[in-house]
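Chain by chain, the residues:
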Amino acid sequence: MTGRPAVAVVDGFGSAARLAKAFDAAGHDCVRVQSTVDIPAHYRSELDLGLYTDNLVHTSDVEATAAALLAGHRPVAVIAGSEQGVELADALCEATGLPGNGTALSYARRTKDVQIRTVAAAGLPTARQLTVEDADQLEAWHTRLGGRAVVKPVRSARNDGVSVCDSPAESVAAYERIRHAVNEFGLRNEAVVAQEYLTGTEFVVNTVSRDGRHRVTDTWRYQKIDVNGVRDRINGILSLPPSDPRWSPLRDYALAVLDALGIAHGPAHLEIILTPDGPRLVEVGARLCGSDVARYAVLATGESQIDRTVQAYTDPEAFLADVDTPYRANGHAAMAFLASPLEGRLRSYPLLGEVEHLAAYQGMTLRVTPGQRLRRTVDDSTEPLCVGLAHADAATVEKDFQTVCYLDGHGFYDVEPDHGA
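How each quantity is defined
Residues numbered from 1 in each chain as written. Predicted model: local features only at pLDDT ≥ 70, side-chain atom pairs only at ≥ 80, totals over all residues. Heavy atoms only, no water. Axes fitted to C-alpha atoms, helices over the stretch in contact; angles between N-to-C directions. Helix = DSSP H or I, 4+ residues; strand = E, 2+ residues; numbered from the N terminus. Parallel < 35°, antiparallel > 145°, perpendicular 65-115°, else oblique. Left-handed = near helix turned anticlockwise from the far one by under 90°. Contact = heavy atoms within 4.5 Å. Nonpolar A, V, L, I, M, F, W, Y, C, P; charged D, E, K, R; others polar. Salt bridge = Lys/Arg side-chain N within 4 Å of Asp/Glu carboxyl O. Buried < 20%, exposed > 50% of the residue type's maximum accessible area, 1.4 Å probe, protein only.

Undergrad: I would appreciate a short explanation of the packing of helix H2 (residues 62–72) against helix H3 (residues 86–96) in the present structure.
TA: Packed helix pairs are specified by the crossing angle of their axes together with the interaxial distance, meaning the distance between the axes. In the contact formed by H2 and H3, the axes pass within 9 Å of each other and the chain directions differ by 65°. Between H2 and H3, the angle falls in the class roughly perpendicular. Seen along the crossing, H2 lies across H3 with a hand that is right-handed. Contacts between H2 and H3 pair Val62, Glu63, Thr65, Ala66 and Leu70 from the former with Leu88, Ala91, Leu92, Ala95 and Thr96 from the latter. Along the lines of polarity and charge, the residues of the contact of H2 with H3 split into 7 nonpolar, 2 polar and 1 charged.

What follows is the structure, encoded as structure tokens:
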């Protein structure tokens, strides 16, 4: 025990590393709580215990994990660092008496079909959906629905297992794939949900809450394309200022969703489609937004979920003082998520220099470096790189984003094809 107050981060993967650094800078230790004995394979490379003063491994006994946390540290908060950690974070808050969202709606916050039912029960408009019991039931439901449907696991993260289906036969095929699959948490999918395909533009609304009051920290518009046989792959996000006429209805709907799901404390990440009939929830995670979005949020607004989460727990009076004030539009930002059409050993990115000379260019994250095997992009796990953009001028960000999209393609990748390809 160092004498400093501590914050426990449950499953601190990915963007949670920034959270640990921010709490350390604010004078708090960070304790990492591992919700499972074995770390899911997808996250093993992201584990950096150097950010934490301790690592507690949970073995299904909440009271024992809570006791270990209280015995070795002075915790002031328990926060979910990734989707997998949401339920344990709720349970540890209850067991330690720390501010939290309670366990009554934990399952709804993590389970997509129950989540939508809970939001609908609160009187909010939602997509039509079916919790799938068998293939015949799904085929009949999609036939009645008509048009497109989205079939996905009831528990997953990012776009793991999500299928856009044009026909009942495609929905049934997706269901058969998903129900037998092991998700990126290393668990077999427990159930499948089918939802109507919502027509409209999809947005991200990121929030931080304290004592049931909510602040929108940043908002983004998704850009999507059909690529490599994948429908509606997200190939980028662009920041949305509060002056945009779509911002207020998105904010109002998002805060109502938070209330419906009992999210009173901590960060949340909502995906909402603005349909011709108004906002409709895709899903919400009671945790930080991923993909290093916080870095680019700061460039666009001067704040992010990271610093507002730290403030909500370390200085709640300051957080609540301007909780209802819209964030400033200091600039504009975007992130482009590239998609390789090729497979093989990557020699180089021949056009990367053109990207680096764009006026709005701020940096990139290489997920595949020269010498490594490049895979054809079909989901987030096969994404080769991400490019970040920011500028005071919205038109410059938009132009440079479109330029990156134009450059991405066969000529962007110098690849030694797989043997026999």
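Undergrad: Is there a simple way to think about the pattern of salt bridges in this case?
TA: Pairing between side chains of opposite charge can happen when the charged atoms of each approach one another. Scanning the entire structure with this criterion turns up 32 salt bridges. A salt bridge links Glu83 to Arg287, with the shortest nitrogen-to-oxygen separation between them at 2.7 Å. You can see Glu83 sitting in the loop between strand E4 (75–80) and H3 and its partner Arg287 sitting in the loop between strand E13 (278–285) and helix H9 (293–301), a full 204 residues away along the chain. The same class applies to Glu83 and to Arg287, which are both buried. Notably, a salt bridge pairs Lys152 with Glu283, separated by 3.2 Å at the nearest N-O pair. Of the two residues, Lys152 is situated in strand E6 (residues 149–153) and Glu283 in strand E13; the sequence distance between them amounts to 131 residues. Residues Lys152 and Glu283 agree in their burial class; the two are buried. Overlapping salt bridges, with partners in common, bring together Arg148, Asp166, Glu170 and Arg231 in one network.

Undergrad: How do you make sense of the environment of Asn101 when you look at a structure like this?
TA: Relative to the helices and strands, Asn101 resides in the loop between H3 and helix H4 (106–110). Residue class for Asn101 comes out buried when judged on its relative accessible area of 17%. As for Asn101 and Glu139, which are separated by 38 residues in sequence, their C-alpha atoms are 37 Å apart. Here Asn101 is in contact with Asp90, Arg109, Gly262, Ile263, Ala264 and His265, once residues within four sequence places are set aside.

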